[in-house]
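Working through the structure, step by step
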Amino acid sequence: MLFLVSLLGLLVLAHVAFGGAGTGGAAVPAVPVGPPPGGAAPPAPGLTGGTATGGPVAPALAVSPYPMGTRGWVFPLYPLARVASTRAWTLDAGVDLGGSSDQCGARLLELAVASGTVVREGLDGFGAQAPVLLVESGPDAGRYVYYGHAAPALVPVGARVGAGQPIAEVGCGSVGISSAPHLEIGMLPPGASGPEDMPAFGQTARGTLSRLRSAYSAAIAANNARKAAAPQRRWPALSIHGRTP
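Time to look at unusual backbone geometry. A cis geometry characterises the amide bond from Tyr78 onward to Pro79, with omega recorded as 5 degrees. With respect to the helices and strands, the residue Pro79 is situated in the loop between β1 (77–78) and β2 (90–91). The step from Ala151 to Pro152 runs through a cis peptide bond, and the omega angle for that step is -5 degrees. For Pro152, the location among the structural elements is in strand β8 (residues 150–153). Phi is positive for Asp102, close to 60 degrees, though the residue is something other than glycine. Along the chain, the position of Asp102 falls in the loop between β3 (95–97) and β4 (105–111).

Let's shift gears to the environment of Asp197. Locating Asp197 in the fold gives a position in the loop between β11 (183–187) and α2 (205–229). On the accessibility criterion, Asp197 (28% relative accessible area) is partly exposed. Put simply, Asp197 and Tyr144 are 53 residues apart on the chain and 9.3 Å apart in space, counted from C-alpha to C-alpha. Not counting residues within four places of it along the chain, the set of residues in contact with Asp197 comprises Leu188, Pro189 and Ala192. Within the structure, the side chain of Asp197 is placed 3.2 Å from the backbone nitrogen of Ser193, a separation counted as a polar contact.

Fine structural detail should not be taken from predicted coordinates in areas where pLDDT scores are low. Across the chain, pLDDT averages 78, with 69% of residues at or above 70. This model gives residues 1–60 a pLDDT under 50, and the stretch forms 46 contacts once residues within four places in sequence are excluded.

The next point concerns the sheet that holds β4. Across the sheet, which stays open at both edges, the four strands sit in the order β1-β4-β10-β8 with antiparallel pairing between neighbours. The outermost strands of the open sheet, each flanked by one partner alone, are β1 and β8.

Below, the discussion takes up the state of the cysteines. Per the stated rule, a full pass over the model turns up one disulfide. Here Cys104 is linked by a disulfide to Cys172, with a sulfur-sulfur distance of 2.1 Å. As the torsion about the S-S bond is roughly 100 degrees, the Cys104-Cys172 disulfide counts as right-handed. Of the two residues, Cys104 sits in the loop between β3 and β4 while Cys172 sits in the loop between β10 (166–170) and β11, which places them 68 residues apart along the sequence.

Within the largest apolar cluster, 37 residues are counted, with the highest numbers of intra-cluster contacts made by Phe75, Leu97 and Ile185. Looking at which element gives the most residues to this core, the answer is α2, with five residues. Sequence-distant contacts of Phe75, defined by excluding residues within four places in its chain, comprise Tyr66, Leu80, Val83, Trp89, Leu97, Leu111, Leu212, Ala215, Tyr216 and Ala219. Counting residues in hydrophobic clusters, the runner-up holds nine residues, among them Ala93, Leu123, Tyr146 and Ala192.

Moving on to the pairing of β11. Among the five residues of β11, five are classified as buried, and the element is accordingly described as predominantly covered. The alternating pattern of β11 places Leu183, Ile185 and Met187 and Glu184 and Gly186 on opposite faces, both of which are buried. The pairing of β3 with β11 spans three bridges and is antiparallel. Each bridged residue has a counterpart across the sheet, and for Leu97 the counterpart in β11 is Leu183.

Conventions and cut-offs
- Residues numbered from 1 in each chain as written.
- Predicted model: local features only at pLDDT ≥ 70, side-chain atom pairs only at ≥ 80, totals over all residues.
- Heavy atoms only, no water.
- Helix = DSSP H or I, 4+ residues; strand = E, 2+ residues; numbered from the N terminus.
- Buried < 20%, exposed > 50% of the residue type's maximum accessible area, 1.4 Å probe, protein only.
- Contact = heavy atoms within 4.5 Å.
- Polar contact = N/O pair within 3.5 Å; in protein donor to acceptor, adjacent residues only side chain to side chain.
- pLDDT = per-residue confidence, 0-100.
- Pairing = 2+ DSSP bridges.
- Disulfide = S-S within 2.5 Å.
- Core = buried A, V, L, I, M, F, W, Y, C linked by side-chain atoms within 4.5 Å.

In structure tokens form, the structure reads like this:
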């Protein structure tokens, strides 16, 4: 009997010491899970540094697939083999261009024309994921460039991107107000109050077109140079009646 009383006393003391919630004691606090308060996740690999607003840094390509044109832009569609002829480009608020045979999705990527920050996704008439890039280098630093009819976006709002980095895919089907997959790319007017301050029809389209032509010429020239430098496949010599011609 004395042993049972002693054991019961020990159990009561242990219950009180550990704060049994069932008797009004304070429950043992749970161990916090996740990053410490005020901490930030490490930046993604790629470009170093952050944005002025502390946004994420998107992974960047080591090298742009195209060189920059003389007007300061990298051509915004990749690969060139799937881009429609320049004869199919048309002027709008920006410039409409796209893929041959309605290429879209992962088969036709949209690239940042210059380094900068993606400050918005989604524009009236252009789809819920249409990115707007704030250019931060080159002759157009401080200008906004929009990518209409894109889906999906490949980087989040606030991401810093390098020139030539994929930021979206050409949307398949009808994205926004469109009848077929294509990219409408354009510049907001100088002094635009924000990324939603879209240009009027033709307001900046010719300036956009001149930058695109320059970038396209640079991409074509680089592509031709790569082809010329590639080792040519040599076929084995044929023997005719035991003689090699």
